[in-house]
Amino acid sequence: MGLFAALRLSKKLSAREAEVIVVDPQPHMTYQPFLPEASAGNISPRHAVVPLRRELRRCTIISGEVTRIDHANKKVLVETISGPAREVEYDHILVAPGSVSRTLPIPGLREQGIGFKTIGEAIYLRNHFLDRLDVAATTVDAETKKRALTFCFVGGGYAGIEALAEMEDMVRSALKYYPELKQDEVRFVLVEATQRILPEIGPDMGAYAARQLRKRGIDMRLGTFLESCVDGNVKLSDGETFVTDTVVWTAGVKPSPMLANTDLPLGPRGHVNCLPTLQVADGETVVEGAWAAGDCSQVPDLTGGVGAWCSPSAQHAVRQAVVVADNIARAIHGREPKTYRHKYLGSVAGLGLYKGAAKVYGVKVPGFPAWLMHRFYHVSQIPSFNRKVRVVADWTLAFLLKREVVALGQLHAPREEFTEVTPPLEAKPAAAEPVAAAKA
């Protein structure tokens, strides 16, 4: 979201009027709707991210993490990727750190689980899934094989369902090259605390998606909680137990914990409290020079009735970025900001290759048409013509050629082989201490 806002703001204001500074620990913006396809190998992982320095050439980029915001003095403390921390002064600040995985203190989750929020996690999961197929195909131990071929996903929202569906598609496709393995030996388990999945597309299309996933043999555990996963021994609230090497946690998000280190007013859920103009507010009082948008903000939804808030979705974040950038420019020019108003048009979800579910303008769209809508929408939203072309090229090649099923697990420990063949430095014997002779 920050990239969208910075890009628009740099075009709205000349270099003489303002300097736009972007602080981010990563050198890129991750377009998260493409993470499932990147993980499944439909597009290159590099094409699911947008490099900041390439797109924001008129902005100043600081590679680091904001650790404190002192808005009373209009300063932020940045922990740079190298060297000492530095203070950055500002006149206006846009707070858009996004969200992090909302986890719970479940035994074993910290040690066994992995999220699905970053491109690193997507790459790791692809390599991990294919590595588990290699393990299952070579082991002679039945329990090890069963453990390797069991994959558990926790969370039935967008991230969880799309990741689950894409990875199941990838495994099903990869099994053609594993004659030692059979499809009925593979088990995918979805654990969802509520009685429905994909609430964003409505109950009817959510039920349709659940039926489609069940037809593919996916074990749907609705109204069920993960109680424990110590050492991969999963225990569910419905009494089911099984062992697995894979626990993917996608059970919701929460605002970035960085917000706790600010003097900005926060809402009851930890979000930055905002007015419809996207100005930070303490109650109804505007905090001058402070703005927020995206997943970290609590913005009134003017189209959703009294007490409604904008959902933490890409649809709202992208549009809020445009409005907040325009409002900052208007404030600098001494004009009144405009309110953010966007009626939620609907949602589309991918359920794997050529499969999807959508509800747009109240119209329910199943199957292949929904999958096409899903792809067209997201390729239109990813920033830069460069990335649009690369993503479409990936899709075209994936359609013409067979899916890649190569695991590059060495990416996660690239120095291991080198250190194994490099002998350690032998310690030299300590020099003998001189002995002093004492006179009698």
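Bear in mind the structure is a predicted one, so any value in this text is a computation, not a measurement.

## Here we look at the layout of surface pockets
Link 1 in the chain: Of the voids in this model, the second largest pocket is the one considered here, and its volume is about 810 Å³.
Link 2 in the chain: As for the second largest pocket, its lining consists of 31 residues, and the residues nearest its centre are Gly-41, Asn-42, Ile-43, Asp-394 and Ala-398.
Link 3 in the chain: Contributing elements (two or more residues each) for the lining of the second largest pocket: α5 (119-138), α10 (367-381) and α11 (385-400).
Link 4 in the chain: By residue number, the principal contributor to the lining of the second largest pocket is α11, which donates seven residues.
Link 5 in the chain: Across the lining of the second largest pocket, the residue classes break down as 19 nonpolar, six polar and six charged.

## Comments concerning helix α9 (residues 314-332)
Link 1 in the chain: For α9, built from 19 residues, the straight-helix expectation of 27 Å at 1.5 Å per residue is met to within 8% by its first-to-last C-alpha distance of 27 Å.
Link 2 in the chain: Taking burial as the measure, the 19 residues of α9 include 14 buried ones, the bulk of the element.
Link 3 in the chain: The positive-phi residue at the C-terminal boundary of α9 is Gly-334, with phi of around 75 degrees.

## Comments concerning the environment of Val-322
Link 1 in the chain: Examined against the element boundaries, Val-322 turns out to sit in helix α9.
Link 2 in the chain: Taking the relative accessible area as the measure of exposure, Val-322 reaches 32% and is therefore partly exposed.
Link 3 in the chain: Spatially, the C-alpha atom of Val-322 lies 28 Å from that of Ala-357, the residues being 35 residues apart in sequence.

## Let's talk about the UniProt feature "domain: FAD/NAD(P)-binding" (unreviewed entry) in the protein
Link 1 in the chain: Per the UniProt annotation, the sites labelled "domain: FAD/NAD(P)-binding" (unreviewed entry) are residues 4-302.
Link 2 in the chain: Secondary structure within residues 4-302 divides into 27% helix and 29% strand; the distance between the first and last C-alpha atoms comes to 22 Å.

## Quick notes on the state of the cysteines
Link 1 in the chain: Under the criterion given, the structure shown has zero disulfides.
Link 2 in the chain: The structure places no disulfide on Cys-59, whose sulfur is separated from the nearest cysteine sulfur, that of Cys-296, by 18 Å.
Link 3 in the chain: We note that Cys-274 lacks a disulfide partner, and the nearest cysteine sulfur, in Cys-296, lies 7.2 Å from it.

## Observations regarding the sheet that holds strand β13 (residues 226-228)
Link 1 in the chain: Spatially, the three strands line up as an open sheet ordered β13-β14-β15, and their pairing is antiparallel. What marks the edges here is a single partner per strand, and that holds for β13 and β15 (241-243). For this sheet, the mean angle separating the axes of adjacent strands, direction not counted, is 35 degrees.
Link 2 in the chain: The pairing of β13 with strand β14 (residues 233-236) spans two bridges and is antiparallel. Residue Leu-226 lies in a different strand from β14, and its bridge partner there is Leu-236.

Here is what the cut-offs are and how they apply
- Residues numbered from 1 in each chain as written.
- Predicted model: local features only at pLDDT ≥ 70, side-chain atom pairs only at ≥ 80, totals over all residues.
- Heavy atoms only, no water.
- 1 Å grid on protein atoms, 1.4 Å probe; cavity = no way out; pocket = protein on both sides within 12 Å on 5 of 7 lines; lining within 4 Å.
- Points joined across faces, edges and corners; volume = space filled by probe spheres on them.
- Helix = DSSP H or I, 4+ residues; strand = E, 2+ residues; numbered from the N terminus.
- Nonpolar A, V, L, I, M, F, W, Y, C, P; charged D, E, K, R; others polar.
- Expected span 1.5 Å × (residues − 1).
- Buried < 20%, exposed > 50% of the residue type's maximum accessible area, 1.4 Å probe, protein only.
- UniProt positions renumbered as here; feature names shortened; annotations may be inferred.
- Disulfide = S-S within 2.5 Å.
- Pairing = 2+ DSSP bridges.
- Axes fitted to C-alpha atoms, helices over the stretch in contact; angles between N-to-C directions.

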